[in-house]
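Structure at a glance
One-letter residues, chain by chain:
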Amino acid sequence: MPSHLFADRPAQPPEPGSVDALISQTRRLRGEVDAVRRDTVVDDDDAQGRWQRALCDLAVHHLDDLGQHLGQLKEGLPPVPELVELLPPPAPVPAPEDRQTRVGSAEWNLLTDEVSWSDELFQIFGRSPEAGALPLDELGSTLFSEDQPLLTAWVTACLVDGKPIDGEFRIVRADGRVRTLHMRGEPVLDSDGCTASMWAVLRDVSELRRSQRAVRESRDSLQRQRQIAQTEHRLAVELQEAVLPPWRGSLRFPQHGVGTLDVAAHYLPSATSALIGGDWYDALELPDGRSMLTVGDLTGHGVTATSGMAMMLGALRGMAMAGIEPGPLMGWLNQLLETSVQPALGSAVCCSYDPSRRVLSWAQAGHPAPLLFRRGSGRSLLPPEGVLLGATSGATYGQAEERLEVGDVLVLNTDGLTPRSIEFSRADGTERLLALAPRFSAARSAQDCVRLVIEEFGESEREDDACVLVARVGGQADRQPGRL
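Presented here is a report on the structure given in the accompanying data block. (Residues numbered from 1 in each chain as written. Predicted model: local features only at pLDDT ≥ 70, side-chain atom pairs only at ≥ 80, totals over all residues. Heavy atoms only, no water.)

1. Regarding the overall build of the protein
- Helix and strand counts for the protein stand at twelve helices and 16 strands.
- The 484 residues of the protein split such that 43% are buried.
- Across the protein, contacts joining residues at least 24 apart in sequence account for 66% of those joining residues at least 6 apart.
- Carbon and sulfur atoms make up 53% of the accessible area of the protein, which amounts to about 24,900 Å² in all. (Helix = DSSP H or I, 4+ residues; strand = E, 2+ residues; numbered from the N terminus. Buried < 20%, exposed > 50% of the residue type's maximum accessible area, 1.4 Å probe, protein only. Contact = heavy atoms within 4.5 Å. Areas by Shrake-Rupley, 256 points an atom, 1.4 Å probe, with all protein chains shown as cover.)

Below, the structure written as structure tokens:
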């Protein structure tokens, strides 16, 4: 069996031009991958970015390995006399300390105790050729203590049973650097079939394993973050469903008397359905016979936003049931949000409707004003004073009144209803809603009006979720039992 000494050298040299072409292609591809890696912006909390960067690092290391192997392949080629003068002068070869050699070979002769190492293997071990190559029984002294039994078992199985070696171990070089080596070896038999020597090719895979570990860790981190995000999304959805009003269809109140309100509402998720925000809507009959209508929105998404929304909506319901008017109620909500554990900003509109007088009293906090539709036309109500909730301490909120008529339609919505971009603004969304006035006039119920809004805005690519609430003023003649 022929010796495999210096197995990293080719036995059958390929054509010089083909190797040069491969080297050029490898260098060009390496440069392109490196450019992608440099352009990858990674934040500390961006698990996907770290995973992409780690994959680029791994690809670069693979291409470096390929380039070095092709370089070694080229060095073994015989010169071509007719091309010598045409080739450009070779680039200066980096010093051994400036380049990382990754493949070396060795042969241990069991008959003569002769040991042969390639120059590359001396560099991998950080050992000078003058110090000589290490015999097999001393090779283990460079390994981590926990890796030494592995090497002993591999060598014994190779020399005694003729089994090939294919495994990795870690060494500590004389300069203290730790390297991970991959070893492939086989016994060399003499004419009698006895083991005469053992050859091996050792590859420094430290950077490769480090890159693979970085890819694995970043992938695991990304998977954990996705699992956390899925869990938080599920909790946010469950919390939102538990807090928002359970009624579907139209709700009518008061149940007895004149000036009945026909109310319907709808929640519209964002385009991705993954962003659960702090939008709310609610309507309830108060103990004094009035009705409360409200929509609002807290900044943020996920469990934090929905838990904050639950706190605000619970406080709003309680204060409304206690008889607090919309203006002072907004002031208390502002103070509550300002002193909460997780500060946030919010916008809201709160209305109190007196059916005996058909008067709407309302206040707003940095929120789109209600839209009033009457006899085929619509307008935005003139908003009283009111800043965003949580924006400033001790803010006061004005209160306005509007007398309604039978057949009037009132629309309250959060500003996520329409896409916000350079092309579309809040005013554009308001104009689209006002353009529905003739269709609202022909609608027979608040639920029909909600369906019209969904038809107009339901297919929009919203970046945020939204709520819309419609109240239609009826008379005594058109009272109907409420449907929950």
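Anyway, onward from the coordinates.
2. Concerning unusual backbone geometry
- One non-glycine residue, aspartate 113, lies in positive phi territory at about 60 degrees.
- Overall, the relative accessible area of 65% leaves aspartate 113 in the exposed class.

3. Some thoughts on the sheet that holds strand E12 (residues 371-374)
- Taking strand neighbours across the sheet as the criterion, the six strands line up as E6-E7-E16-E15-E12-E13 in an open arrangement whose pairing is antiparallel. In the strand order of this sheet, the two ends are held by strand E6 (251-253) and strand E13 (377-380), each with one partner. Each neighbouring strand pair of the sheet contributes to a mean axis angle of 20 degrees, computed without reference to strand direction.
- As paired elements, E12 and E13 share four bridges and run antiparallel to each other. The residue bridging phenylalanine 373 from the neighbouring strand is glycine 378, located in E13. (Pairing = 2+ DSSP bridges. Axes fitted to C-alpha atoms, helices over the stretch in contact; angles between N-to-C directions.)

4. Points about the side chain of aspartate 204
- Relative to the helices and strands, aspartate 204 resides in strand E5 (residues 195-204).
- A relative accessible area of 4% means that aspartate 204 is categorised as buried.
- Reaching out from aspartate 204, the side chain makes a polar contact with the side chain of arginine 179 at a distance of 2.9 Å.
- Of note is the side chain of aspartate 204, whose polar atom sits 2.7 Å from the side chain of serine 206. (Polar contact = N/O pair within 3.5 Å; in protein donor to acceptor, adjacent residues only side chain to side chain.)

5. Brief notes about helix H9 (residues 326-338)
- Compared with the 18 Å implied by 1.5 Å per residue over 13 residues, the 18 Å span of H9 between its first and last C-alpha is a close match.
- Those residues of H9 that fall on the buried side of the exposure criterion are Pro326, Gly327, Leu329, Met330, Gly331, Leu333, Asn334 and Leu337.
- Where the residues of H9 are buried, they touch strand E9 (291-298), helix H8 (303-321), strand E10 (346-354) and strand E11 (359-365). (Expected span 1.5 Å × (residues − 1).)

6. Regarding the nonpolar core
- By size, the foremost hydrophobic cluster in this structure holds 54 residues, and its most contacted members are Val263, Trp280, Tyr281, Leu293, Met330, Leu389 and Leu469.
- It is H8 that contributes the most residues to this core, six residues altogether. (Core = buried A, V, L, I, M, F, W, Y, C linked by side-chain atoms within 4.5 Å.)

7. Some remarks on the sheet that holds strand E3 (residues 165-172)
- Spatially, E2-E1-E5-E4-E3 is the arrangement adopted by the five strands of the open sheet, whose pairing is antiparallel. Edge strands, defined here as strands with exactly one partner in the open sheet, are strand E2 (115-117) and E3. Taken over all neighbouring pairs, the strand axes of this sheet differ in orientation by 25 degrees on average, direction set aside.
- Both strand E1 (residues 103-109) and E2 contribute to a ladder of three bridges, which runs antiparallel. Bridge pairing in E2 places tryptophan 108 opposite valine 115.
- Packed on one face of the sheet, helix H6 (residues 148-161) meets E3, strand E4 (178-189) and E5 and runs near 145 degrees to E3.
- Helix H7 (residues 206-243) rests against E3, E4 and E5 of the sheet, and its axis sits at about 125 degrees to E4.

8. Here we look at H6
- Relative to the 20 Å expected for 14 residues at 1.5 Å per residue, H6 spans 19 Å between its end C-alpha atoms, a close match to the ideal helical length.
- For H6, the complete set of buried residues consists of Leu151, Val155, Ala157 and Cys158. Angularly, the buried residues of H6 cover 160 degrees about the axis, an arc narrow enough to put them on a single face. Exposed and oriented more than 90 degrees from the buried face of H6 are Pro149, Thr152, Val160 and Asp161.
- In this fold, the buried residues of H6 make contact with helix H5 (136-139), E3, E4 and E5.
- Within two residues after H6, glycine 162 carries a phi angle of roughly 75 degrees, on the positive side. (Arc of directions from axis to C-beta.)

9. Some points on the pairing of strand E16 (residues 466-473)
- Counting buried positions along E16 gives eight out of eight residues, so the element sits mostly inside the fold.
- Sheet analysis places strand E7 (residues 261-268) next to E16, joined by eight bridges and oriented antiparallel. Opposite alanine 265, over in E16, you have leucine 469 as the bridge partner.
- Here strand E15 (residues 409-413) runs beside E16; their pairing, made up of five bridges, is antiparallel. For leucine 412, the partnering residue across the bridge sits in E16 and is leucine 469.

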